[in-house]
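Structure assessment
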Amino acid sequence: MVPKIYFFPPSKRRAGWAPCLGLLMFALAPLAARAQARPAPPRAHVHELFEPSTGPAKGPGYAAWLAYLPVNPALVFGTENEIPDTIVALGENVLEHSSTHELALGWRGMLNHVPRVLESARPAAPAPGENIVVLGTQAEVRAWRPALAGGAALGPDAYRLHRVGDILLVEGGDPRGVLYGAFALLRDIGEEHSLRTLDVTSRPWAQVRWTNEWDNLNGTIEREYAGPSIFFQDGHVRADLTRAAAYARLLASLGIDGCTVNNVNADPRFLLPANIQGLARIAGAFRPYGVRLSLAVDLASPETIGGLPTFDPLDPRVIAWWRDKVDEIYRLIPDFAGFTVKADSEGQPGPWQYGRTQAQAANLLARALAPHGGLVLYRAFVYNNHLNWRNPKADRALAAYDIFHPLDGKFDSNVIIQIKYGPIDFQVREPAQPLFAGLRHTNEAMAVEIAQEYTGQQRQLVYLAPLWKTVLDTDMRSSLSDPPLPVLDLIAGRSVQGFHHTLGGFVGVANVGTNRWLGNPLSLVNLYSFGRLAWNPTLTSAAISDEWTRLTFGNNPTVRAVINKLELNSWHIYESYTGPLGLGTLTNILGSHYGPDPQSAERNGWGQWFRATHEGVGMDRTVATGTGFIGQYPPPLAAKYESLKTCPDNLLLFMHHVPYTYRLHSGQTVIQYLYNSHYWGAKAAAAQVPAWESLHGMVPDDIYNEVLKRLKYQAGEAIVWRDAVTRYFARWSGIPDALHRVNHYPDRIAATGLTLDGYTPVAVKVWETAMGGKGIECVGHASCSASLVWNKPSGWYNVVVQYYDYFLGVSHFTLQVDGHTIDTWAADAHLPGMTMSGTTSTRQTVENVALHRGDTLRLIGVPNGPEPAPVDYIEVTPAAASAAPAKP
Ligand code: GCV
């Protein structure tokens, strides 16, 4: 075999510094040479391989954890001279090509070194003093040097990193394993781990590691928090798929090998021939990274686009339609991964329309896909959203188990039931879904939501791995005499303690968009940790956060300490002001799923109730007196949740209805805990700001500023949550806060209490999200004002204007002291609501304002479009420097 040599560095042994452009040309040279040397494999577009520092989609955060920041090579290789000069791929498939390309990028970025890259080569033993990296499948290594491939068979996607003398060997169970091994090696280098004595074997926990993207053909995304789709635009697949390829690279670096590219509320038009061709282009962009495309499908498609009079899963015409459609897909996408299905849920059509079961629907698709090796990820998120809230036995949490447990064993072997981690819907805390222990003969996968739908929508910092791990680690053993059986073992796709599974895995709803994947640079830790947990769910949240921080921001110990602390505290902080004690996120569940609106969850058919009365709060899900949900768990866990003595405080109100005066294990009453938790959470959210500010100059400025803006906003939004939820429960319970904070805001002046010129008071529907249940709005005027005469001591003050910023319209505000403008700003945050509410409530803080007794503080609001420059209150608190200022 003739080796293909893609790049020889200049005669110098070390490449050293070169002007960026020159370096880039060198690095790209192998790609050009390769393109001429042999025809590209089908749809494996090497020119689409991602360049972190170039490319059309460059921007802060775009390279994410693959920025390949400089490291200290001595820590990794002993001395700089031991950095391998040559990278050799034994094979010539596209995945090994991606691997060498990636290593070359890593060498350049992290080690300031340009290696020689050989492909389809059989290197001789390195000369004395020479160090090389060799990549190949186990079979290729065995053919090259049988003695080196001595370990156990690696299996699909697995890899072994092994140092043999001067050779660093990256060995894969298959070509995808080689790629994963290359990324693992780069991760080790990025974290400055020593590679002098390396021998690590790693294999994925389970077979399925997919993301779901809820993208629509028109380019929008359901629950879109980071800009529009990277795949679709105006009804078709985007012409430029650079971002799709770059996304596949990020996924591959974590070992994620599947991506469902469209919304599970599926548009049947995705199955039209023209769109399948477009999807084939996306699959082509994914292929160099071993990511396989999957599609969410609408079960009614045979009727809606196929022209059949039915979509009954047992009808022979329907069976033939799906078989032909699947064959058509595989003709264009030979490595198509399969279908994701949402049926009979939230308005989606499903088999119940024909009196068929979910298993019959799943098997219909499974049998069409089976000859090609495709899978069906069939979602267990099936429930009735018209439940009778007056019925004390009604409970949405029962649904998945009630529907799917009786069907256990009736699903074909290429069906996997995709189960959300908890029984409700991606809430800030939920117990594990009992169905995980209810499918002994049916494959299962756990779904998490990387997109922060109920957890701050990426405006707020919430690191989700600790939440996911509470579920992964939940012990589902049937008897205390058995060994522990955590959920992570049930989704591993193997037989364990009477569960007979052949496939399993992890699905993460990511919803990446064109705004740097997840918008908030710190939210990327959630995509990263999903991938790492999908590969190895026994990793700790702290270890994953630290890996991500080092790869994203470098190895500076101060930066690591600050960011790790921020990430690791963030879920608990968010939970404490949005849904403690297992209440679930007390958000607006009927629309945006964002700000506080506890009442929206009660007394409707959606079943996210927490049943607050004047006496008590919480869902009684006990077997003894409640909905019986707890009885769906295996006996040991059911016993733990059923008893108030053993039910953990953090799930208390999910499992039990108790009086507000009930004492927690901590000794506090429920009501006082609710107050304290919200005040603590708001304070902790505020403390995140100075923590981040301590990194000024230590992280890139654009990322610093972006994160700072969001953390400041979050600190304000935590106060909105705190006030709304504590007022709500103070009214329901009639029990005041022992610390006299709730409903006492001595430094605030409600907007309705200001002197209004043009502004009019209006009632706010979610009353607890405005002072006195009212705000002011400016309607029918070009501008309005609200003012007060300062009648407290002269001094330096901080002035907060709490206003509402709607999704549409950009109002402008001006704050004046005695006619002098001290601040102007635009309400341009486009928060996800169109009324005064906790969703749109936000604040502007003007620090160190000199106020003298008798001064007039005036707020001028200029409405715009549908946004009437609405205001809640003004708050004036003493500033740190409180000496009386000179009159300006
Ligand atoms: C795609 C929640 C979300 C919906 C989502 C649904 C699901 O209800 O709010 O937007 O629909 O989950 O997972 O199917």
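Residues numbered from 1 in each chain as written. Predicted model: local features only at pLDDT ≥ 70, side-chain atom pairs only at ≥ 80, totals over all residues. Heavy atoms only, no water.

Topic: the overall build of the protein chain
The criterion, for reference: Under the DSSP-based scheme used, a helix requires at least four consecutive residues in state H or I and a strand at least two consecutive residues in state E, with every element numbered from the N terminus. Restricting the calculation to C-alpha atoms gives the radius of gyration, and the globule rule supplies 2.2 Å times the number of residues raised to the power 0.38. Accessible area is worked out with a 1.4 Å probe on protein chains only. A residue is then buried under 20% of its type maximum, exposed over 50%, and partly exposed in between. In what follows, residue pairs with any heavy atoms lying within 4.5 Å of each other are defined as contacts.
Counting secondary structure elements, the protein chain contains 20 helices and 30 strands. Here the C-alpha radius of gyration of the protein chain, 29 Å, is about what a compact globule of 888 residues would show, namely 29 Å. When the backbone C-alpha atoms are referred to their principal axes, the protein chain occupies close to 90 × 70 × 55 Å. Within the protein chain, the fraction of its 888 residues that count as buried is 63%. Sequence separation of 24 or more characterises 74% of the internal contacts of the protein chain that already satisfy a separation of 6 or more.

Quick notes on the site of the ligand
This is how the line gets drawn: Whether a residue is near a molecule or strand depends on its heavy atoms: if one lies within 4 Å, it is near. Polar contacts here mean pairs of N or O atoms no more than 3.5 Å apart (in protein, one a potential hydrogen donor and the other a potential acceptor; neighbouring residues in sequence count only if both atoms are side-chain atoms). Polar here means any residue outside two lists: the nonpolar Ala, Val, Leu, Ile, Met, Phe, Trp, Tyr, Cys and Pro, and the charged Asp, Glu, Lys and Arg; Gly therefore counts as polar.
The ligand sits among 14 residues. The nearest are E222, K342, R379, K420 and E453. At 2.9 Å, a side-chain N or O of R223 approaches an oxygen atom of the ligand. Classifying every residue of the shell around the ligand gives three nonpolar, three polar and eight charged.

Re the nonpolar core
Quick reminder of the rule: Within this scheme, the nonpolar core is defined by two criteria: the residues are buried Ala, Val, Leu, Ile, Met, Phe, Trp, Tyr or Cys, and they are joined through side-chain atoms within 4.5 Å.
Counting residues in each nonpolar core, the largest one holds 237 residues, and the members touching the most others are W65, W107, L185, F339, Y378, W692 and F729. Looking at this core element by element, the count peaks at 14 residues for helix α20 (residues 701-733). Those residues in contact with L185 that lie beyond four places of it in its chain are L103, W107, V133, L161, L168, V170, L195 and L198. Core analysis: the next-biggest nonpolar cluster, separate from the first, contains 27 residues, I776, F813, W825 and V849 among them.

Quick look at helix α3 (residues 94-111)
As a reminder of what qualifies: Residue count minus one, scaled by 1.5 Å, sets the expected span of a helix.
With 18 residues, α3 should cover 26 Å at 1.5 Å per step; its first-to-last C-alpha distance of 25 Å lies within 8% of that length. Among the 18 residues of α3, 16 are classified as buried, and the element is accordingly described as predominantly covered. The distance from a side-chain oxygen at the start of α3 to the backbone nitrogen of L95 is 3.0 Å, and the residue carrying that oxygen is N93. Of the residues trailing α3, N112 is marked for its positive phi of about 50°.

Quick notes on helix α9 (residues 316-332)
Along its 17 residues, α9 runs 25 Å from first to last C-alpha, staying within 8% of the 24 Å computed at 1.5 Å per residue. For α9, the full list of buried residues reads V318, W321, W322, K325, V326, E328, I329 and Y330. Against the buried residues of α9 lie α7 (273-286), β12 (292-297), α8 (301-304), β13 (338-341) and α10 (358-369). Of the residues that open α9, the one with a side-chain oxygen 2.7 Å from the backbone nitrogen of R317 is D315.

Comments concerning the packing of helix α6 (residues 242-254) against helix α14 (residues 524-535)
How we decide: Axis definition: a line fitted to C-alpha atoms, limited for helices to the stretch in contact. Angles are taken between N-to-C directions and run from 0 to 180 degrees. These descriptions rest on fixed angle ranges, namely under 35 degrees for roughly parallel, over 145 for roughly antiparallel, 65 to 115 for roughly perpendicular, and the rest for oblique.
The N-to-C vectors of α6 and α14 enclose an angle of 40°; their axes lie 8 Å apart at closest approach. One way to sum up the angle between α6 and α14 is to call them oblique. Residues Y247, L251 and L254 of α6 lie in contact with α14, whose contacting residues are L527, Y528, G531, R532 and W535. A class-by-class count of the residues in the contact of α6 with α14 yields six nonpolar, one polar and one charged.

Some remarks on the packing of helix α19 (residues 670-693) against α20
Relative orientation of the contacting elements α19 and α20 amounts to 170°, with a least axis distance of 9 Å. Relative to α20, the element α19 is oriented roughly antiparallel. Of the residues in the contact of α19 with α20, the class split is 21 nonpolar, five polar and four charged.

Regarding the sheet that holds strand β29 (residues 856-862)
For the record, the criterion: Here a strand pair is declared whenever DSSP counts at least two bridges between the two strands.
Pairing within the open sheet is antiparallel, and its five strands lie in the order β21-β24-β29-β26-β27. With one partner strand each, in any of the chains shown, β21 (755-757) and β27 (820-826) form the two edges of the open sheet. Shown here is a sheet whose adjacent strand axes are inclined to one another by a mean of 15°, direction ignored. With three bridges joining them, β21 and strand β24 (residues 784-789) adopt antiparallel strand pairing. From the neighbouring strand, D757 faces β24, where its bridge partner is S785.

Digging into the confidence of the model for the protein chain
Selection rule: Summary of the metric used: pLDDT quantifies the predictor's per-residue confidence within the range 0 to 100.
For the protein chain, the mean per-residue pLDDT works out to 92, and 92% of the residues sit at or above 70. Note on residues 884-888: pLDDT under 50 across the span, and 14 contacts to partners over four residues away in sequence or across chains.

A word on the state of the cysteines
So the rule is basically this: In this description, a disulfide is simply a cysteine sulfur pair whose atoms lie within 2.5 Å.
Overall, the coordinates contain one disulfide when judged by the stated rule. Two residues, C778 and C784, share a disulfide whose sulfurs are 2.0 Å apart. Handedness here is read from the sign of the S-S torsion; for C778 and C784, about 75°, the answer is right-handed. Using a relative accessible area of 3% as the deciding quantity, one classes C778 as buried.

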